[in-house]
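Chain and residue survey
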2 protein chains.
Amino acid sequence: MYCFGIDVGGTTVKCGLFQTDGTLVEKWEIPTRKENKGEYILPDVAETIQNKISEKGIDKAEVAGVGVGIPGPINAQGEAACAVNLYWGFRPVAKELSELTGLTAKAGNDANVAALGEAWKGAAAGSQNVIMVTLGTGVGGGIISDGRIVAGAHGAGGEIGHANICHEETAACNCGNSGCLEQYASATGIVRLAKKALAESSEDSVLRNTESIEAKDVLDAFKSGDALAVRVMDEVGEKLGGALGIFAAVVDPDAIVIGGGVSKAGQPLINLIEKHYKKYAFSLCKDTPIVIASLGNDAGIYGAAKMVL
Amino acid sequence: MYCFGIDVGGTTVKCGLFQTDGTLVEKWEIPTRKENKGEYILPDVAETIQNKISEKGIDKAEVAGVGVGIPGPINAQGEAACAVNLYWGFRPVAKELSELTGLTAKAGNDANVAALGEAWKGAAAGSQNVIMVTLGTGVGGGIISDGRIVAGAHGAGGEIGHANICHEETAACNCGNSGCLEQYASATGIVRLAKKALAESSEDSVLRNTESIEAKDVLDAFKSGDALAVRVMDEVGEKLGGALGIFAAVVDPDAIVIGGGVSKAGQPLINLIEKHYKKYAFSLCKDTPIVIASLGNDAGIYGAAKMVL
């Protein structure tokens, strides 16, 4: 038996043909055509699936279905309220894709789907309960409970980047609130905290010699023991570890997966998060493993495929 | 078709015979026998179910199953890690109850099961995604996602009373951490904050004339406009509303249900929580209704029955 996992991004659509045991048979990409309010995207997906089925000589009865990850909130019925990066308004994604392909179809938010991928075949393989946090330009997240995506009422389940964890914050988040996790733990947030620390003291730091500071610079300085960068990252760890402690009291995960560009900092970052997490987590959750995501950009196609199994 | 919903407490076992549409046919109680490490509890439950089946002349084939709520962490497999109030260590509750009754059996943590009850037939009837918070001596909670209990890896899903929301707190929580939601929003927490406020100022307050302050006194003073009590409850609302905002970013509920003794304060309490919740919740979740639980002590038997449907 086979299934398809599709990850729709703003530029390309990543596609995967899987065996239902999770073996990736083949992966490929097609461009995301956003003309006419993105109306070609799902037909393009259906076409590339049909082509692959023909090319491989697969009988449609051998295909369990197709799952798709979408950059925007998707509810449990597989409906998008909106997906601004695709120029979509409301769209019953699963229903449309099922009609276009003649296959069982499921849809989920891309970050939630990536979490399911990591829970299936990635860093948390075999875990039924997972919190995944993606530290990129923003902070995304996905929650898996009993093997299923927590989509929520509006598809905003796992929007942990906008968990408001600091009521004293005066700077505004893109979402309109102030004090969101994203303002501290994203690449953007790390740079913001570093610039603030540099402005607030005249302390020596390798970051003073850096022309245009990026998160990687702060992380490298942290790893090399630069005192100011260590202090900045300790604040990041305190905010992120503390937030993960709260999330763990809600969903009690088997594992916490850290993904996204910032996670390339590796074990020193994990150690930092763990130090603060253990301080604040509920006793039963204190020893929950915190691990780096392992599927990279393929997490989406794995998770999408898993949705239909 | 029928099903049984059982809610095991430290003193009594509440039992309900339901039709599978949610109609409560009959409810009754039996004592919780805790002798010999609580080994009679499940056999007693099986016996009272068998007696009820005989008394009503019900054919066992007409019984969909029996669900049971237990005061302690229960994982998704229906196993108790421990239930200190019943003197239980590890016990595969669902399996044992199924063997004893010859019926399909499910088990869940009592607070999670109560949340399922409120989501099924209570204040959040028909909602698939619910956060329930029970403000009693402590703060309990239960999370329903896509109609199912979020049990978590160790059965600690929904342990939101121990979400650590104030890193500056110096007083210790019963769990060993400092800064848990329970330290502010439980009946005990409200009294603690009131006593602290009274000690920190000489401001006039009706609470100064109260011999032994209980949460109800603080809530009554709050409702009557006593300035100190209003300030105390505003801190409670800030902590609880803020925490609910974080939880909502994790699970995106259709409704938030407030139960427990403190919830008897009614609409003024809801207004207070809502005021702070709206400040901190993610945009998509800001209008999520916050409602008072409606099933009272019956929430557990309703939720337990729903588990097997």
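About the thresholds
- Residues numbered from 1 in each chain as written.
- Chains lettered and ligands numbered in written order.
- Predicted model: local features only at pLDDT ≥ 70, side-chain atom pairs only at ≥ 80, totals over all residues.
- Heavy atoms only, no water.
- Helix = DSSP H or I, 4+ residues; strand = E, 2+ residues; numbered from the N terminus.
- Buried < 20%, exposed > 50% of the residue type's maximum accessible area, 1.4 Å probe, protein only.
- Contact = heavy atoms within 4.5 Å.
- Areas by Shrake-Rupley, 256 points an atom, 1.4 Å probe, with all protein chains shown as cover.
- Lys, Arg positive; Asp, Glu negative; His and termini not counted.
- Charge placed at Lys NZ, Arg CZ, Asp CG, Glu CD.
- Polar contact = N/O pair within 3.5 Å; in protein donor to acceptor, adjacent residues only side chain to side chain.
- Buried area = accessible area lost by both parts, 1.4 Å probe.
- Pairing = 2+ DSSP bridges.
- Axes fitted to C-alpha atoms, helices over the stretch in contact; angles between N-to-C directions.
- Least-squares fit on C-alpha atoms with pLDDT ≥ 70 in both.
- Domains from an automatic or database assignment.
- Salt bridge = Lys/Arg side-chain N within 4 Å of Asp/Glu carboxyl O.
- Nonpolar A, V, L, I, M, F, W, Y, C, P; charged D, E, K, R; others polar.

**Regarding the overall build of chain A**
A tally of helices and strands in chain A yields ten helices and ten strands. The C-alpha extent of chain A, read off along each of the three principal axes, is 65 × 45 × 35 Å. Looking at chain A as a whole, 57% of its 309 residues qualify as buried. The long-range share in chain A, meaning contacts at least 24 apart out of those at least 6 apart in sequence, stands at 60%. With an accessible surface of roughly 11,900 Å², chain A has 48% of that area assigned to carbon and sulfur atoms. Averaged over its 27 positive side-chain charges, chain A has a centre that lies 1 Å from the centre of its 37 negative ones.

**Things to note about unusual backbone geometry**
The residue A:Tyr87 is not glycine, and still its phi comes out positive at about 65°. Despite not being glycine, B:Asp252 shows a phi value in the positive range, around 50°. Summarising the element assignment, B:Asp252 is placed in the loop between helix 8 (227-251) and strand 9 (255-259).

**Structural notes on the side chain of A:Glu169**
All names here are of chain A. Topologically, Glu169 is positioned in the loop between strand 8 (148-149) and helix 5 (182-185). Its relative accessible area of 14% is what places Glu169 among the buried residues. A distance of 2.5 Å separates the side chain of Glu169 from the side chain of Tyr184, its partner in a polar contact. Filtering out sequence-adjacent residues up to four positions away, Glu169 remains in contact with Ser178, Gly179, Gln183, Tyr184 and Arg192.

**Here's the deal with the environment of A:Arg192**
Residue and element names in this part refer to chain A. Structurally, the position occupied by Arg192 is in helix 6 (residues 187-200). Note on Arg192: relative accessible area 24%, which makes it partly exposed. Considering only alpha carbons, one finds Arg192 and Val232, 40 residues apart in sequence, at a separation of 9.8 Å.

**Describing the interface of chain A and chain B**
As a measure of interface size, the accessible area lost when the parts come together is often cited. Counting residues at the interface gives 43 residues for chain A, matched by 43 residues for chain B. Summing the contributions of chain A and of chain B, the shared interface buries around 3,500 Å²; its carbon and sulfur component is 60%. Our count for the chain A to chain B interface comes out at 26 residue pairs in polar contact (both at pLDDT 80 or more). Those elements that provide at least two residues to the side of chain A that touches chain B are strand 7 (139-145), helix 8 (227-251) and helix 9 (267-280) of chain A. Ranked by the residues each element gives to the side of chain A that touches chain B, the list is headed by helix 8 of chain A, at seven residues.

**Examining the sheet that holds strand 3 (residues 24-31) of chain A**
All names here are of chain A. If you trace the five strands from one edge of the open sheet to the other, you get 3-2-1-4-5, paired in mixed fashion. The strands lining the two open edges of the sheet, one partner per strand, are strand 3 and strand 5 (105-109). Geometrically, the sheet is characterised by an average inter-axis angle of 15° between neighbouring strands, direction not taken into account. Here five bridges tie strand 4 (residues 63-70) to strand 5, and the two strands are oriented parallel to one another. Following the sheet pairing, Ile70 is matched in strand 5 by Asn109. Those strands touched by helix 4 (residues 110-121) are strand 1 (2-8), strand 4 and strand 5, and its axis lies near 105° from that of strand 5. Those strands touched by helix 10 (residues 299-307) are strand 1, strand 2 (12-19), strand 3, strand 4 and strand 5, and its axis lies near 130° from that of strand 1.

**Here we look at the relation of the copies chain A and chain B**
Laying chain A over chain B is done by rotating through 180° and shifting 0.0 Å along the axis; what remains is an RMSD of 0.0 Å. The relationship between the two copies is best expressed as a two-fold rotation axis. Judged by C-alpha distance, A:Phe247 is the residue of chain A that lies nearest the rotation axis, at 3.6 Å. A high fraction, 100%, of the interface residues of chain A reappear at the interface in chain B, so the copies pair face to face through one surface.

**As for the domain arrangement of chain A**
Residues and elements named next belong to chain A. Each assigned domain of chain A is listed here: domain 1 (2-122 + 298-307) and domain 2 (130-293). The distance between the C-alpha centroids of domain 1 and domain 2 comes to 29 Å. If you look at the interface, domain 1 gives 13 residues, while domain 2 gives 19 residues. When the two sides are added together, the surface that domain 1 and domain 2 hide from each other amounts to roughly 1,100 Å², 67% of it contributed by carbon and sulfur. Considering only the side of domain 1, the residues that lose the most area to domain 2 are Asn112, Ala115 and Glu118, jointly responsible for 43% of the buried surface there. At the junction of domain 1 and domain 2, the tally comes to zero salt bridges. Element by element, the count of residues in the side of domain 1 that touches domain 2 is highest for helix 4, at eight residues. Taken together, the residues of the side of domain 1 that touches domain 2 break down into ten nonpolar, two polar and one charged.

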